[in-house]
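Single-letter residue listing:
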Amino acid sequence: MNTTPTATRARSTRAALCSAVVGCSTVRSPGAVRVDQPGAESIRHSLSGVVPYLVKPIRQHRRTEGAVRQRARLEDVAARAGVSPSTASVALSGAGRVAAATRARVQAAAAELGYSPDPVAASLRSGRSGVVGAVVGERLLYAFRDPVAVQLLDGLTEELSRLDVGLLLLAGDAMRSGPSPAQLSRLPLDAAVFATCGLEDDPAFTLLQARGVPLVAVEGPVAAGVPLIAIDDERGSAELARHLQRLGHARVVVVTLPMRLDGRRGPVDAERLARGVYRDARRRLVGLRSVLPGAPAVEAAGNSVEEGEAAARLVLDVPAADRPTALVAQSDVLAAGALRAAADLGLQVPGDLSVAGFDGADLPWLAPVRLTTVVQPTAAKGRAAGHAVAELLAGRTPADVELPVELRPGTTTGPVPPG
């Protein structure tokens, strides 16, 4: 047993660290400490005289273990089971006909040798990666704060699980509205779904098309050969406009979803609409204006409560004579922000202002308020996108899908205020 002062100092330091640092853990061999807490760099610096004694034995141990035990190969399993490598491959994959006794013998041999298939080799043999990408325009932080995006991804995952493939989320960051071209160019994907809408001039869309990756679009991009999964946005917004019209509202303003993810917030004019914009934002505006022509629109820079509040303030924080009697937000999340802005400005909903949304999202924190909204079948939309992926991977051409929506009146809309 080593009882030198150096070894004793290393052991006592390790013990002190593990008792003082939350999250400290040993790594395979006694005498090694991993520190992965915030501030770990300063801890490592202060222990620079001790760490070498802890790390060197670990490295030596790993090299020795690697030299003794090599990764088992398929050929080793086949030899142990007394079958050909091709039979062993079929038996382990579950594809093809193999006698039950043979399959059991191969599986037992694989277990004894600790064999696991090489995913890269399997991908090369099958031509499939087992991965489907889900392109999310905004950062995941915003996507996961949007109950509609979460529900759609859940429906998509539910359907893809039947295919035994994984879902890889491809999101933007603070600088980009989507995944980087460099990232997309090297990822092995069996297919990709534009899960939260997309634009035809999106670099990600162009790159994936050029690679020949099968694509599915949820609300966009709209392109030949790309199955489109959508809802009847236009009819839903028209029904909502008629609901407000029946209540006597004529001064109605719209807070739109982002037309493009370029950070712009403010009035939506003809020039903005003339550019390529997101399909759902355009169609919801067209539907409302088919009933209320000329209804002014203000664009939010993102789909969040904060952005809904900021956009709503632009049209509500004005003299009463200039204020709309009703505000329609193109998502329930934006509508929640509009309700917050109205409350901060001392406006009663629906006494002074009617507010409506779109999506039918689960917003329990609004209770007892029940938002007037247009309900869309979000989970079914995700499952339809997953089914389209399955059809593409089977070599078939799926048809476009348009799902119905339904108006759901709540407590946030009422008759136009007097005067």
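You'll find the structure just up there.
Keep in mind the model is a prediction, meaning the values are calculated, not measured.

Regarding the overall build of the chain
Along the chain, the regular secondary structure elements total 17 helices and 15 strands. Buried residues in the chain amount to 46% of all 419 residues. For the chain, the share of sequence-separated contacts (at least 6 apart) that also reach a separation of at least 24 residues comes to 68%. Roughly 21000 Å² of accessible area belongs to the chain as shown, and the carbon and sulfur atoms make up 54% of that amount.

Quick notes on the sheet that holds strand 10 (residues 297-299)
Across the sheet, five strands lie side by side as 9-10-8-11-12; this open sheet has mixed pairing. Whereas interior strands pair on both sides, the edge strands pair on one side only; in this sheet they are strand 9 (266-267) and strand 12 (354-356). Across three bridges, the pairing between strand 11 (residues 326-329) and strand 12 is parallel. In the strand pairing of strand 12, Ala326 is matched with Ser354. Against the sheet, helix 12 (residues 233-246) engages strand 8 (252-256), strand 11 and strand 12, with an angle of about 170° to strand 11.

Focus: the sheet that holds strand 3 (residues 131-136)
By definition, the strands of a sheet pair up through backbone hydrogen bonds, in either a parallel or an antiparallel sense. With respect to topology, six strands assemble into an open sheet ordered 4-3-5-6-7-14, the strand pairing being parallel. Looking at which strands have only one partner, the edges of the open sheet turn out to be strand 4 (166-171) and strand 14 (401-403). Direction aside, the axes of adjacent strands within the sheet are offset by 20° on average. Relative to strand 7 (residues 228-231), strand 6 (residues 215-218) is paired through two bridges, and the arrangement is parallel. Along strand 7, the bridge assignment pairs Val218 with Ile229. Strands in contact with helix 14 (residues 279-289) are strand 7 and strand 14; relative to strand 7, the strand with the most contacts, it is inclined by about 35°.

Observations regarding unusual backbone geometry
Among all residues except glycine, the phi angle is most often negative; among peptide bonds, the trans geometry is most common. Cis geometry marks the peptide bond from Gly220 to Pro221; its omega dihedral reads 5°. Of note, Pro221 is situated in the loop between strand 6 and strand 7. For the peptide bond that leads from Ala367 to Pro368, omega is 10°, which places it in the cis range. Looking at the element boundaries, Pro368 is found in the loop between strand 12 and strand 13 (373-375).

Regarding the nonpolar core
Val255, Met259, Leu288, Leu292, Leu316, Leu327 and Val355 are the most contacted members of the largest nonpolar core, which totals 51 residues. Taken together, the elements giving at least two residues each to this core come down to helix 12, strand 8, helix 14, strand 10, helix 15 (305-316), strand 11, helix 16 (332-344) and strand 12. For this core, the element with the most residues is helix 16, which contributes six residues. Excluding anything up to four places from it in sequence, Leu292 contacts Ala241, Gln245, His249 and Val252.

A few points about the packing of aromatic side chains
Per the counting criterion, the structure on display carries one aromatic pair. Directly above the aromatic system of Phe358 lies the positively charged group of Arg284, at a separation of 3.9 Å from the ring centroid.

Thoughts on the packing of helix 12 against helix 14
For the pair helix 12 and helix 14, the least separation of the axes is 7 Å and the interaxial angle reads 40°. With respect to the hand of their crossing, helix 12 and helix 14 are arranged in right-handed fashion. Where helix 12 approaches helix 14, its residues Asp233, Glu234, Ser237, Ala238 and Ala241 are matched on the opposing element by Arg279, Asp280, Arg283, Arg284, Val286, Gly287 and Leu288.

Here we look at helix 4 (residues 74-81)
Listing the buried residues of helix 4 in full gives Leu74, Val77, Ala78 and Ala81. End-on, the buried residues of helix 4 take up no more than an arc of 100°, which puts them together on one face. Looking at the residues trailing helix 4, positive phi occurs at Gly82, about 75°.

Considerations on the pairing of strand 5 (residues 191-194)
Because side chains alternate across strand 5, one face comprises the buried residues Ala191 and Val193, and the other comprises Ala192 and Phe194, equally buried. Relative to strand 5, strand 3 runs parallel, the two sharing four bridges. When the bridges of strand 5 are listed, Val132 appears paired with Ala191. Sheet analysis places strand 5 next to strand 6, joined by three bridges and oriented parallel. Among the inter-strand pairings, Phe194 is bridged to a residue of strand 6, identified as Ala217. Taken together, strand 5, helix 11 (residues 203-211) and strand 6 form a β-α-β motif whose crossover is right-handed.

So, the pairing of strand 7
Side-chain alternation along strand 7 places Leu228 and Ala230 on one buried face and Ile229 and Ile231 on a second face that is also buried. Sheet analysis places strand 7 next to strand 14, joined by three bridges and oriented parallel. Along strand 14, the bridge assignment pairs Ile231 with Leu403.

Structural notes on a nonpolar patch on the surface
On the surface, Leu140, Phe144 and Val150 cluster together into a nonpolar patch covering about 230 Å² of accessible area. Within the secondary structure, Leu140 sits in helix 8 (residues 140-143).

Here we look at empty space enclosed by the protein
On inspection of all chains with the given rule, the structure shows three cavities of 30 Å³ or more. Considered as a void within the structure, the largest cavity measures approximately 450 Å³ in volume. If you trace the largest cavity, you find 26 residues lining it, with Asp146, Thr196, Cys197, Asp280 and Asn303 closest to the centre. Breaking the lining of the largest cavity down by element, the ones donating at least two residues are helix 8, helix 9 (147-160) and helix 14. If you tally residues by element for the lining of the largest cavity, the top one is helix 9, at three residues.

Parameters and conventions
Residues numbered from 1 in each chain as written. Predicted model: local features only at pLDDT ≥ 70, side-chain atom pairs only at ≥ 80, totals over all residues. Heavy atoms only, no water. Helix = DSSP H or I, 4+ residues; strand = E, 2+ residues; numbered from the N terminus. Buried < 20%, exposed > 50% of the residue type's maximum accessible area, 1.4 Å probe, protein only. Contact = heavy atoms within 4.5 Å. Areas by Shrake-Rupley, 256 points an atom, 1.4 Å probe, with all protein chains shown as cover. Pairing = 2+ DSSP bridges. Axes fitted to C-alpha atoms, helices over the stretch in contact; angles between N-to-C directions. Core = buried A, V, L, I, M, F, W, Y, C linked by side-chain atoms within 4.5 Å. Phe/Tyr/Trp six-rings, centres within 6.5 Å; stacked < 30°, edge-to-face > 60°. Lys NZ or Arg CZ within 6 Å of the ring centre and 35° of its normal. Left-handed = near helix turned anticlockwise from the far one by under 90°. Arc of directions from axis to C-beta. Right-handed = clockwise from strand over helix to strand, strands pointing away. Patch = residues over 30% accessible without salt bridge, like charges linked within 9 Å, V, L, I, M, F, W, Y side chains within 5 Å. Salt bridge = Lys/Arg side-chain N within 4 Å of Asp/Glu carboxyl O. 1 Å grid on protein atoms, 1.4 Å probe; cavity = no way out; pocket = protein on both sides within 12 Å on 5 of 7 lines; lining within 4 Å. Points joined across faces, edges and corners; volume = space filled by probe spheres on them.

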